[in-house]
Amino acid sequence: QVQLVESGGGLVQAGGSLRLSCAASGSIFSSNIMGWYRQAPGKQRELVATITSGGSTNYADSVKGRFTISRDNGKNTVYLQMNSLKPEDAAVYYCSYRRFTIQTMYWGQGTQVTVSS
């Protein structure tokens, strides 16, 4: 089992920045993919960004150039630096973890990001 604990959400004005953190614990395998997804009210959960244990990243087109995902493998922690936030970025952000070879995804409890216009 893997436990994920997110922090860093909150209320910010449009154009502002927030940094989310997610600490993983439990049965962590060295080869894994961690990431961030988000879900706005009435919408499906969508990919924001992922990062492999080797450092390869993937971003949704809507956040490219504004958000940066990074990780500290020694701390089993992934970060999401969000700059130039827009009202449409408002959502519950969920941290994710899975091993490369297994499709089972683990999720954090979610952290709310609110962007005021």
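The sections below set out a description of the structure shown in this document. Residue positions are counted from 1 within each chain, in the order its sequence is given. With the structure being a predicted model, the display of local features is reserved for residues of pLDDT at least 70 and the display and counting of side-chain atom pairs for 80 or more, all residues being used for whole-chain, interface and lining totals. Calculation of side-chain values draws on the structure's entire complement of heavy atoms; hydrogens and water are dropped beforehand.

1. A look at the environment of Ser 17
Going by this rule: Strands are runs of DSSP state E lasting at least two residues, helices are runs of H or I lasting at least four, and both sets are numbered from the N terminus onward. Residues count as neighbours in contact if any of their non-hydrogen atoms are within 4.5 Å of one another. Two N or O atoms form a polar contact when they lie within 3.5 Å of each other; inside protein one atom must be a possible hydrogen donor and the other a possible acceptor, and for residues adjacent in sequence the pair counts only when both atoms belong to side chains.
Among the structural elements, Ser 17 can be located in the loop between strand S2 (10-13) and strand S3 (18-26). Distance in space between the C-alpha atoms of Ser 17 and Thr 50 is 19 Å, their sequence separation being 33 residues. Excluding residues that lie within four positions of it along the chain, Ser 17 makes contacts with Val 12, Gln 81, Met 82, Asn 83, Ser 84 and Leu 85. Of the polar contacts made by the side chain of Ser 17, one reaches the side chain of Asn 83; its length is 2.9 Å.

2. A few points about the side chain of Ser 96
Applicable threshold: Burial classes: relative accessible area under 20% of the type maximum marks a residue as buried, over 50% as exposed, and values in between as partly exposed (1.4 Å probe, protein chains only).
Along the polypeptide, Ser 96 turns up in strand S9 (residues 91-99). Taking the relative accessible area as the measure of exposure, Ser 96 reaches 2% and is therefore buried. In contact with Ser 96, other than residues within four places in its own chain, are Leu 4, Ile 33, Met 34, Gly 35, Trp 36, Tyr 37, Met 105, Tyr 106 and Trp 107.

3. Thoughts on the sheet that holds strand S8 (residues 77-82)
The line we're drawing: When DSSP locates at least two bridges between a pair of strands, those strands are taken to pair. Axis lines are fitted through C-alpha atoms, for helices just across the contact stretch, and the angle between N-to-C directions can take any value from 0 to 180 degrees.
If you trace the four strands from one edge of the open sheet to the other, you get S1-S3-S8-S7, paired in antiparallel fashion. Strand pairing shows two members of the sheet lacking a second neighbour, strand S1 (2-7) and strand S7 (67-72), which therefore form its edges. Each adjacent strand pair in this sheet contributes to an overall mean axis angle of 15°, direction not counted. Here S1 pairs with S3 via six bridges, running antiparallel. Looking across to S3, one finds that Val 2 is bridged to Gly 26.

4. Considering the packing of aromatic side chains
Note the cut-off: Side-chain rings of Phe, Tyr and Trp, where Trp is taken by its six-membered ring, are said to pair if the distance between their centres is within 6.5 Å; with planes under 30 degrees apart they count as stacked, over 60 as edge-to-face, and otherwise as tilted.
Enumeration over the complete set of coordinates arrives at two aromatic pairs. On the basis of an interplanar angle of 75° and a centroid distance of 5.0 Å, the ring pair of Tyr 37 and Trp 107 is categorised as edge-to-face. Pair noted here: Tyr 37 is in strand S4 (residues 32-39) and Trp 107 is in strand S10 (residues 106-107), with a separation of 70 residues, a long-range link. Judged by its relative accessible area of 18%, Tyr 37 is buried. Between the aromatic rings of Tyr 97 and Tyr 106, the centroid separation amounts to 6.2 Å while the plane-to-plane angle is 50°, which identifies the pairing as tilted. Note on Tyr 97: relative accessible area 1%, which makes it buried. The partly exposed category is assigned to Tyr 106, whose relative accessible area is 24%.

5. A word on the nonpolar core
Rules: The term nonpolar core refers to a set of buried residues drawn from Ala, Val, Leu, Ile, Met, Phe, Trp, Tyr and Cys, joined through side-chain atoms within 4.5 Å.
Core analysis: the biggest nonpolar cluster contains 28 residues, and Trp 36, Leu 80, Met 82 and Tyr 93 have the highest contact counts within it. Residue assignment for this core shows that the elements contributing at least two residues are S1, S3, S4, strand S5 (46-52), S7, S8, S9 and strand S11 (111-116).

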